[in-house]
Amino acid sequence: MSTKIYYIGHSGFYFESEPYKGFIVDPFISGNPRSSFNIPKNQIKQIFVTHGHGDHLGDSIAISKSTNAPIYTIFELSNYCLAQGASSVGLNIGGKIDFDWGWAKFLPAFHSSSAQDGQYAGMPASILFCINGTKIYHAGDNCLNFEMKLIGDIYSPDIAILPVGSFYTMDVDDAIIAAQYLKVDAVIPMHYNTFDAISVDVGAMRKKFQEAYVKLIVLNPGEELEL
Ligand code: NI
Ligand code: MN
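Residues numbered from 1 in each chain as written. Chains lettered and ligands numbered in written order. Predicted model: local features only at pLDDT ≥ 70, side-chain atom pairs only at ≥ 80, totals over all residues. Heavy atoms only, no water.

Enquirer: Help me understand the sheet that holds strand β12 (residues 186–190) in this model?
Expert: For sheets, the rule is that strands pair by backbone hydrogen bonds, running either parallel or antiparallel. A sheet is described by the order of its strands in space; here seven strands give the open sequence β7-β8-β9-β10-β11-β12-β13, paired in mixed fashion. The two strands at the open ends of the sheet, each matched to only one other strand, are β7 (96–99) and β13 (215–216). Across seven bridges, the pairing between strand β8 (residues 102–108) and strand β9 (residues 125–131) is antiparallel. Bridging from a neighbouring strand, W103 pairs with C130 of β9. (Pairing = 2+ DSSP bridges. Helix = DSSP H or I, 4+ residues; strand = E, 2+ residues; numbered from the N terminus.)

Enquirer: Help me understand the pattern of salt bridges, please; the structure alone is not making it clear to me.
Expert: Pairs can form between side chains of opposite charge once their charged atoms are near each other. In this structure the tally under the stated criterion is three salt bridges. The partner of D153 in a salt bridge is K183, with the nearest N and O atoms 2.7 Å apart. Taken together, the positions of D153 in helix α4 (residues 147–155) and K183 in the loop between α5 (172–182) and β12 put the pair 30 residues apart, joining distant regions of the chain. D153 gets classed as partly exposed once you look at its relative accessible area, which sits at 44%. Taking relative accessible area as the criterion, K183 reaches 44% and is therefore assigned partly exposed. Residue D173 pairs with K208 through a salt bridge whose shortest N-O separation is 3.2 Å. With D173 in helix α5 and K208 in helix α6 (residues 202–211), this pair connects stretches of sequence that are 35 residues apart. (Salt bridge = Lys/Arg side-chain N within 4 Å of Asp/Glu carboxyl O. Buried < 20%, exposed > 50% of the residue type's maximum accessible area, 1.4 Å probe, protein only.)

Enquirer: So what exactly am I meant to see when it comes to the coordination of the manganese ion (ligand 2) here?
Expert: Between any two of four tetrahedral donors, the ideal angle at the metal is 109.5 degrees; between two of six octahedral donors, it is 90 or 180 degrees. Within the protein, D55 (OD), H56 (NE2), D141 (OD) and H191 (NE2) serve as the donor atoms for the manganese ion (ligand 2), at 2.2 Å. Along the chain, the residues donating to the manganese ion (ligand 2) are arranged with the sequence spacing D-H-x84-D-x49-H. Separating the manganese ion (ligand 2) from the nickel ion (ligand 1) is a distance of 3.3 Å, and D141 supplies a donor atom to each of them. Linking H56 in helix α1 (residues 54–57) with H191 in the loop between β12 and α6, this pair joins segments that are 135 residues apart in sequence. Of the two residues, H56 and H191, neither departs from the other in class, the shared state being buried. (Donors = N, O, S within 2.8 Å, 3.2 Å for Na, K, Ca; no water.)

Enquirer: Explanation requested: the packing of α5 against α6 in the structure shown.
Expert: Each pair of packed helices can be summarised by the angle the axes make with each other and by the distance between the axes. Direction vectors running N to C along α5 and α6 enclose 35°, while the axes themselves pass 10 Å from each other. For the pair α5 and α6, the crossing hand works out as right-handed. Listed contacts from α6 to V172, D173, A175 and I176 of α5 are M205, K208 and F209. Looking at the contact of α5 with α6, its residues break down into five nonpolar, no polar and two charged. (Axes fitted to C-alpha atoms, helices over the stretch in contact; angles between N-to-C directions. Left-handed = near helix turned anticlockwise from the far one by under 90°. Contact = heavy atoms within 4.5 Å. Nonpolar A, V, L, I, M, F, W, Y, C, P; charged D, E, K, R; others polar.)

So this is what it looks like as structure tokens:
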């Protein structure tokens, strides 16, 4: 049973684990100058969204409408998605939901959240996925915080997908500490080099992770990792 992680770009990923069909997280495609998305529609069974900002909710509503895949997100944002005609399920922080491939648990993110029209979108989230036994933590738009130590102690995720672009989220240095708190085997960086405000020197980032003995897996949009 192998698990595939496909990088859409920015904070967007597609996960698939045989024999199950897949799900996407934070699909920001149209309006993203660095995205790649060639996932067949019939493979998308769920959509997860960490918070309401346009670079995360992204194309979720349109994809939900065209695939019938529900959007799993925080209660208030879920209501917003329902009002836009999408299929959606609203959870809140701490909530866990089971699927044929495993489970997803909504956890905190220290950030903000609103819909494009300014409507309150509830708490922003990070999401821990357990996919066929492999635990992958998607941090959403997060800063370094001590909750990550708790997540590491209790759930010990295998892989963390962490923002590194700074300005709106944690930066590379804080992501290294987050990885240590989370006790993960490897980090996949996200939320960088999409816009000028979040530019990161990839070579310098690789060097910092190497010096801290934290394994870094850099994916370019359109690249995938097989576990
Ligand atoms: Ni955000
Ligand atoms: Mn963002």
